[in-house]
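As a plain string of letters, each chain reads:
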Amino acid sequence: MLNFFKSKTTSFLGIDIGTNSIKLVELESVGGRPRLVTYGMVEIESSIARNSESADNASDNQNIAGALAALLKKTSARSRSAVAALPNFSVFSSVISLPKLGDKQIAEAVQWEAKKFVPMPIENVVLDWKILNEVALDEEQKELTDAERAERELQKQKIAQADQNSNLAKCKTVAQILLTAAPRRLVERYVAIFKLAGISLLSLETESFALARSLVGNEEGAILIADVGALTTDVTVVKRGVPVFSRSINVGGSTVTRAIADSLGVSTDRAEQFKRDTGVASSAGAASGGGVTSVIQTSFAPVISEMKYTLDLQQRAGSSVEKILLTGGSAFLSSLPSYVATSLNVKVFIGNPWARVSYPKDLGAVLEQIAPRMGVAIGLAMREIE
């Protein structure tokens, strides 16, 4: 995997450290469009997001940094500036709306909001916020429930009490703000790992934002992204390119494989092969095929239930989901798109994170094969060039 283009154009790395692998994508901007420079993947187990308090952190950090350095060399990546992703389950995030005010006032309001939803002391998290867009107050009000309108009024009162000159009654525009909080120890680990690997870490963001950027872009309407990984599945609703709802459940490809192994009394390698050959909705006539299909469907049932809950929640809020995009290492499970579509009565597609990236045509087949695993890394690299 070598550099495909020679150019002096500044390029950026998107690095996704997962539980079973590290994915790297380097993109550059050519004519305003992302272009592939190089890419790569290395299999390595990591508990970075789930075990930030471990006494073995130093050793684990060295292993991950070593794998990263080796991946940089193998791919001949020329950039050493990167954006990395924090797993959704480790980050607390919310999109809030506040009256359009000065930075100081918004910062104070963000602190109040953070104390509501962050289930740990504020001093133990790294808090960040970003204004996503501004909308007319009357348009924003249309999408609020009665409870949300009451909450918004309370926010205004608190800000007014803090600043008598705010004159909120005259506000005609609200700012939609992404509020995020990540455990401080986790952020410190990422910084340490990238420093050891000789990489400049430009920023950290959640996987859901990276996927929204690579899979959805500027599409209007509500879209549900189901990121089916090895250990977890993240269900995210994206509206106007912004993740507004995200949940993570402990069911993934490895969960299904273990269930098959336990059910049939076979090794995990054998179970993995059964899973790939049979799929979630196989019509195979063999008895073993039928048994495997039943185990897969039972194991995957919590994911279907979570997606149904999310669809119902959006429906009640008056914002129906238009389609579901599947991504992640287990998205290519045979018959999964049709099974999900039939179960939920919604159009389902395998997401294509390469859709807005230019690359050599002869790589098309290879890139399509690995696309579900590279969505986060591609979205991360896009952040700095769009």
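What you are looking at is a predicted structure, and each value in this text was computed from that prediction instead of being measured.

Caption draft 1: A look at the nonpolar core. Core analysis: the biggest nonpolar cluster contains 34 residues, and Leu224, Ile260, Met307, Ile324, Val340 and Leu344 have the highest contact counts within it. Counting only elements with at least two residues in this core, the list comes to strand 9 (222-228), strand 10 (233-239), strand 11 (242-249), helix 7 (253-264), helix 8 (268-278), helix 9 (287-316), strand 12 (321-327) and helix 10 (336-344). Sorting elements by how many residues they give to this core places helix 9 first, with eight residues. In this structure, isoleucine 324 is in contact with Leu224, Met307, Val340, Leu344, Val346, Lys347, Val348 and Phe349, ignoring residues within four places of it in sequence. Counting 26 residues, the second largest nonpolar core, distinct from the first, contains Ile48, Ala84, Leu186 and Tyr190.

Caption draft 2: View of the sheet that holds strand 1 (residues 11-17). Sheet architecture is open: five strands sit in the order 3-2-1-4-8, paired in mixed fashion. Edge positions in the open sheet fall to strand 3 (33-43) and strand 8 (200-206), since each of these has one partner strand only. Adjacent strand axes in the sheet meet at a mean angle of 20°, parallel and antiparallel pairs treated alike. Across the sheet, helix 6 (residues 207-216) is in contact with strand 1, strand 4 (81-86) and strand 8; its angle to strand 8 comes to roughly 90°.

Caption draft 3: A look at the confidence of the model for the chain. Counting all residues, the mean pLDDT for the chain is 83, and 82% of those residues have values of 70 or more. Counting interchain partners and residues more than four positions distant, the pLDDT-below-50 stretch residues 136-142 has 11 contacts. Note that pLDDT drops below 50 for residues 162-170; the model gives that stretch 12 contacts with residues more than four away or on any other chain.

Caption draft 4: Highlighting the packing of helix 6 against helix 11 (residues 364-383). Where helix 6 meets helix 11, the axes come as close as 7 Å, and the angle between the chain directions of the two elements is 80°. Here helix 11 runs roughly perpendicular to helix 6, going by the angle between their axes. Of helix 11, the residues touching helix 6 (which contributes Glu207, Ala210, Leu211, Arg213 and Ser214) are Gly375, Val376, Ile378, Gly379, Leu380, Met382 and Arg383. Classifying every residue of the contact of helix 6 with helix 11 gives six nonpolar, three polar and three charged.

Caption draft 5: Representation of the packing of aromatic side chains in the model. Following the criterion strictly, the structure yields one aromatic pair and no others. Ring centres of tryptophan 354 and tyrosine 359 lie 6.3 Å apart, and the angle between their planes is 70°; on these two criteria the pair is classed as edge-to-face. Exposure remark for tyrosine 359: the relative accessible area of 30% places this residue in the partly exposed category.

Caption draft 6: Summary view of helix 10. Turning to helix 10, its buried residues number three or more, namely Leu336, Tyr339, Val340 and Leu344. The buried residues of helix 10 occupy one face: seen down the axis, they fall within an arc of 110°. Positive backbone phi, at 55°, marks asparagine 345, one or two positions downstream of helix 10.

Caption draft 7: Just the pairing of strand 12, in detail. Of all seven residues in strand 12, six are buried; the element is thus mostly enclosed. In terms of strand pairing, strand 9 meets strand 12 through six bridges, oriented parallel. Following the sheet pairing, isoleucine 223 is matched in strand 12 by lysine 323. Both strand 12 and strand 13 (residues 347-350) contribute to a ladder of four bridges, which runs parallel. Each residue of the ladder has a partner; that of leucine 326, found in strand 13, is isoleucine 350. This β-α-β element, strand 12 to helix 10 to strand 13, shows right-handed connectivity.

Caption draft 8: Expanded view of the sheet that holds strand 11. Taken together, five strands build an open sheet; the order of strands is 11-10-9-12-13 and the sheet is mixed. In this open sheet, the two edge strands, each paired with only one partner strand, are strand 11 and strand 13. Going across the sheet, the axis of each strand differs from the next one's by a mean of 20°, ignoring polarity. Pairing geometry for strand 9 and strand 10, over seven bridges, is antiparallel.

Caption draft 9: Inspection of the pattern of salt bridges at higher detail. Counted according to the given criterion, the structure contains 13 salt bridges. We note a salt bridge from glutamate 219 to lysine 323, for which the minimum N-O separation is 3.1 Å. Here the residue glutamate 219 occupies a position in the loop between helix 6 and strand 9, and lysine 323 occupies one in strand 12, the gap between them amounting to 104 residues. Its relative accessible area of 19% is what places lysine 323 among the buried residues. Of the charged contacts, one joins glutamate 272 and arginine 276 as a salt bridge, the two residues approaching to 3.0 Å between their closest N and O atoms. Of this pair, glutamate 272 and arginine 276 both sit in helix 8, four residues apart, roughly one helical turn. Looking at glutamate 272, the relative accessible area reads 22%, which means it is partly exposed. The class for arginine 276 is exposed, based on a relative accessible area of 56%. When salt bridges that share partners are traced, they join Glu205, Arg213, Arg383 and Glu384 into one network.

Caption draft 10: Expanded view of the pairing of strand 1. Burial within strand 1 is extensive, with seven of its seven residues counted as buried. The pairing of strand 1 with strand 2 (residues 21-30) spans seven bridges and is antiparallel. From the neighbouring strand, isoleucine 15 faces strand 2, where its bridge partner is leucine 24. Joining the antiparallel neighbours strand 1 and strand 2 is a turn of three residues. Judged from the three bridges that link them, strand 1 and strand 4 form a sheet pairing that is parallel. The residue of strand 4 that forms the bridge with glycine 14 is valine 83.

Rules and cut-offs
- Residues numbered from 1 in each chain as written.
- Predicted model: local features only at pLDDT ≥ 70, side-chain atom pairs only at ≥ 80, totals over all residues.
- Heavy atoms only, no water.
- Core = buried A, V, L, I, M, F, W, Y, C linked by side-chain atoms within 4.5 Å.
- Buried < 20%, exposed > 50% of the residue type's maximum accessible area, 1.4 Å probe, protein only.
- Helix = DSSP H or I, 4+ residues; strand = E, 2+ residues; numbered from the N terminus.
- Contact = heavy atoms within 4.5 Å.
- Pairing = 2+ DSSP bridges.
- Axes fitted to C-alpha atoms, helices over the stretch in contact; angles between N-to-C directions.
- pLDDT = per-residue confidence, 0-100.
- Parallel < 35°, antiparallel > 145°, perpendicular 65-115°, else oblique.
- Nonpolar A, V, L, I, M, F, W, Y, C, P; charged D, E, K, R; others polar.
- Phe/Tyr/Trp six-rings, centres within 6.5 Å; stacked < 30°, edge-to-face > 60°.
- Arc of directions from axis to C-beta.
- Right-handed = clockwise from strand over helix to strand, strands pointing away.
- Salt bridge = Lys/Arg side-chain N within 4 Å of Asp/Glu carboxyl O.

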